[in-house]
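Listed here are the chains, written in short residue letters.
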Amino acid sequence: MKKDINSPPKTVASKNETYSFFEDVYDVVRQIPAGRVTTYGAIAKYLGTGSSARMVGWAMNAAHVAVPEVPAHRVINRNGMLTGKHHFATPTLMEELLNTEKIIVKNETVVEFEKLFWDPAVHLGL
DNA sequence: GCATTGACGAAGG
DNA sequence: CCCTTCGCCAATG
């Protein structure tokens, strides 16, 4: 697990922890293959259920300023809905990015989400 | 330092 | 089956 992020958030959870929860989240999200999507809960579970899925979403909020760019558009909630689209530069940006990756979005929801679902716990061999 | 909120999720009514 | 509540954990007011 590499954690070579250029600008990690200084405001990390535990000061004693060498790496923050954010770095781990970014690292996982960047490994999501194009055309695939995952959920906040799946990431949280992969990192250890100790941190709830909400923290993953919060990490995504900071991901906008993370380097390299984190494909946050591939991370959606467990219903396959693009709940975080309003946090992008434009409300339609997330949907457009997914379209670029051949992902069909209908009514703020990824079509055949279950088929496109990419589980880090499985793919990364948890 | 306490109260509220948040890109979630599971459980209960 | 739809809607409401609670739990998580950190950030912000």
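Read on for a plain summary of the structure. Here the structure is a predicted model, which is why all the values come from computation and not from measurement.

1. Quick notes on the overall build of chain A
For step 1, the next point in the chain: Secondary structure assignment for chain A yields six helices and four strands.
For step 2, the next point in the chain: Reading chain A from its N end, one meets helices and strands in the order α-β-α-α-β-α-β-β-α-α.
For step 3, the next point in the chain: When burial is assessed residue by residue, chain A has 40% of its 126 residues classed as buried.
For step 4, the next point in the chain: The long-range share in chain A, meaning contacts at least 24 apart out of those at least 6 apart in sequence, stands at 64%.

2. As for helix H3 (residues 53-63)
For step 1, the next point in the chain: All of the buried residues along H3 are Val 56, Ala 59, Met 60 and Ala 63. Projected down its long axis, H3 shows its buried positions confined to an angular sector of 105 degrees, all on one face. Exposed side chains of H3 directed beyond 90 degrees from the buried face belong to Arg 54 and Trp 58.
For step 2, the next point in the chain: In this structure, the buried side of H3 is in contact with helix H1 (21-30), helix H2 (40-47) and strand S2 (75-76).

3. Some points on the packing of aromatic side chains
For step 1, the next point in the chain: If you walk through the whole model with that rule in mind, you get two aromatic pairs.
For step 2, the next point in the chain: Arranged with centres 5.8 Å apart and planes meeting at 65 degrees, the rings of Phe 113 and Phe 117 form a pair that is edge-to-face.
For step 3, the next point in the chain: Look at Phe 113 and you get buried, because its relative accessible area is 12%.

4. A closer look at the environment of Thr 83
For step 1, the next point in the chain: Positionally, Thr 83 belongs in the loop between S2 and helix H4 (93-100).
For step 2, the next point in the chain: A relative accessible area of 44% means that Thr 83 is categorised as partly exposed.
For step 3, the next point in the chain: As a C-alpha pair, Thr 83 and Glu 108 span 25 residues in sequence and 7.6 Å in three-dimensional space.
For step 4, the next point in the chain: Leaving out residues up to four positions away in the same chain, Thr 83 has contacts with Tyr 40 and Asn 77.

5. What to know about the packing of H1 against H2
For any two helices packed against each other, the geometry comes down to the angle between their axes and how far apart the axes lie.
For step 1, the next point in the chain: At a minimum axis separation of 11 Å, H1 and H2 run at an interaxial angle of 120 degrees. By crossing handedness, the relation of H1 to H2 is classed as right-handed. Contact residues: Phe 21, Asp 24, Val 25, Val 28 and Val 29 in H1; Ile 43, Tyr 46 and Leu 47 in H2.
For step 2, the next point in the chain: Partitioned by chemical class, the residues of the contact of H1 with H2 number seven nonpolar, no polar and one charged.

6. Points about H1
For step 1, the next point in the chain: For H1, the tally of buried residues reaches nine of ten residues, placing the bulk of the element in the interior.
For step 2, the next point in the chain: Here the buried face of H1 lies against H2, H3, S2 and helix H6 (120-123).

7. Focus on the pattern of salt bridges
For step 1, the next point in the chain: Per the stated rule, a full pass over the model turns up three salt bridges.
For step 2, the next point in the chain: Residues Arg 74 and Glu 101 are paired through a salt bridge, measuring 2.6 Å at the closest nitrogen-oxygen approach. Highlighted residues: Arg 74 in the loop between H3 and S2 and Glu 101 in the loop between H4 and strand S3 (105-106), separated in sequence by 27 residues. The exposure classification of Arg 74 matches that of Glu 101, with both residues buried.
For step 3, the next point in the chain: In this structure, Lys 115 engages Glu 112 in a salt bridge whose closest nitrogen and oxygen atoms are separated by 3.3 Å.

The rules behind these values
Residues numbered from 1 in each chain as written. Chains lettered and ligands numbered in written order. Predicted model: local features only at pLDDT ≥ 70, side-chain atom pairs only at ≥ 80, totals over all residues. Heavy atoms only, no water. Helix = DSSP H or I, 4+ residues; strand = E, 2+ residues; numbered from the N terminus. Buried < 20%, exposed > 50% of the residue type's maximum accessible area, 1.4 Å probe, protein only. Contact = heavy atoms within 4.5 Å. Arc of directions from axis to C-beta. Phe/Tyr/Trp six-rings, centres within 6.5 Å; stacked < 30°, edge-to-face > 60°. Axes fitted to C-alpha atoms, helices over the stretch in contact; angles between N-to-C directions. Left-handed = near helix turned anticlockwise from the far one by under 90°. Nonpolar A, V, L, I, M, F, W, Y, C, P; charged D, E, K, R; others polar. Salt bridge = Lys/Arg side-chain N within 4 Å of Asp/Glu carboxyl O.

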